[in-house]
Amino acid sequence: MRVRRLLGLALATLTFAGMSVTTSIAAESAVPQVSWADCKYGNGSPVKHSAGYWYCKGGTYDGQRIYGSAGY
C-alpha cells in the first residue's frame, strides 16, 4: 500500500516537472515583442518590414517585433 502511494507521488512530481519544462520552452521560443512606446523609449525607431509587420531598429530593443501595429 505504501509503495503505491510513493509511486503515485513520484509520477505526479514527474508530471508537474515535465509541464514546467514544456511551458518554459514554449515561452523561450516565442518571438520577443515590444510596444511602440518601448521602442522609442529605448532609443529605437519603428521600421516597417517588407513582410508587412513593424519592428524596432536600433536602441535597446533592436530587431524585436512591435505588437499592436497596423498590418500585423
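Just so you know, these numbers come straight off a predicted model, no measurement behind them. Along each chain, residue indices are assigned from 1 in the same order as the chain's sequence is written. Note on the predicted model: pLDDT of at least 70 is required for a residue's local features to be given, and 80 or more for side-chain atom pairs to be given and counted; whole-chain, interface and lining totals, by contrast, use all residues. Only hydrogens and water are set aside when side-chain values are computed; all heavy atoms of the structure are taken into account.

### A closer look at the side chain of Ser35
With respect to the secondary-structure elements, Ser35 resides in the loop between strand S1 (33-34) and helix H2 (36-41). Polar contacts here mean pairs of N or O atoms no more than 3.5 Å apart (in protein, one a potential hydrogen donor and the other a potential acceptor; neighbouring residues in sequence count only if both atoms are side-chain atoms). At 3.1 Å, the side chain of Ser35 forms a polar contact with the backbone nitrogen of Asp38. Not counting chain neighbours up to four residues away, the residues in contact with Ser35 comprise Ile66 and Tyr67. Only DSSP runs of H or I covering at least 4 residues are called helices, and only runs of E covering at least 2 are called strands; the numbering of each starts at the N terminus. Note on contacts: a residue pair qualifies if any of its non-hydrogen atoms lie within 4.5 Å across the two residues.

### Considering the state of the cysteines
Count a disulfide wherever a pair of cysteine sulfur atoms falls within 2.5 Å. Here the structure, examined in full by the defined rule, presents one disulfide. A sulfur-sulfur separation of 2.1 Å characterises the disulfide bridge that pairs Cys39 with Cys56. One quick way to see it: the torsion about the S-S bond of Cys39 and Cys56 is about 90°, and its sign makes the bridge right-handed. Placement of Cys39 in helix H2 and of Cys56 in strand S3 (residues 54-57) is noted, with a sequence separation of 17 residues between them. For every residue, the accessible area (1.4 Å probe, protein chains only) is compared with the maximum for its type, and the residue is labelled buried under 20%, exposed over 50%, or partly exposed between those bounds. Cys56 gets classed as buried once you look at its relative accessible area, which sits at 0%.

### A few points about the pairing of strand S2 (residues 45-48)
Criterion used throughout: strands pair if DSSP finds at least two bridges between them. Of the pairings in the sheet, the one linking S2 to S3 comprises four bridges and is antiparallel in character. Residue pairing for S3: Ser45 is matched across the bridge by Lys57. The loop that links S2 with its antiparallel partner S3 comprises five residues; one of these, Gly52, has a positive phi angle of about 110°.

### Details of unusual backbone geometry
Positive phi, close to 65°, is recorded for Asn43, a residue that is not glycine. As for its placement among the helices and strands, Asn43 is situated in the loop between H2 and S2. Residue classification places Asn43 among the exposed positions, given a relative accessible area of 68%.

### Regarding the packing of aromatic side chains
Side-chain rings of Phe, Tyr and Trp (the six-membered ring for Trp) are treated as a pair once their centres are within 6.5 Å; stacked means planes under 30 degrees apart, edge-to-face means over 60, and tilted covers the remaining angles. A full pass over the atoms with the stated rule returns one aromatic pair. Here Trp36 and Trp54 contribute two aromatic rings whose centre-to-centre distance is 5.1 Å and whose plane-to-plane angle is 55°, an arrangement assigned as tilted. Taken as a pair, Trp36 in helix H2 and Trp54 in strand S3 lie far apart in primary sequence, 18 residues in all.

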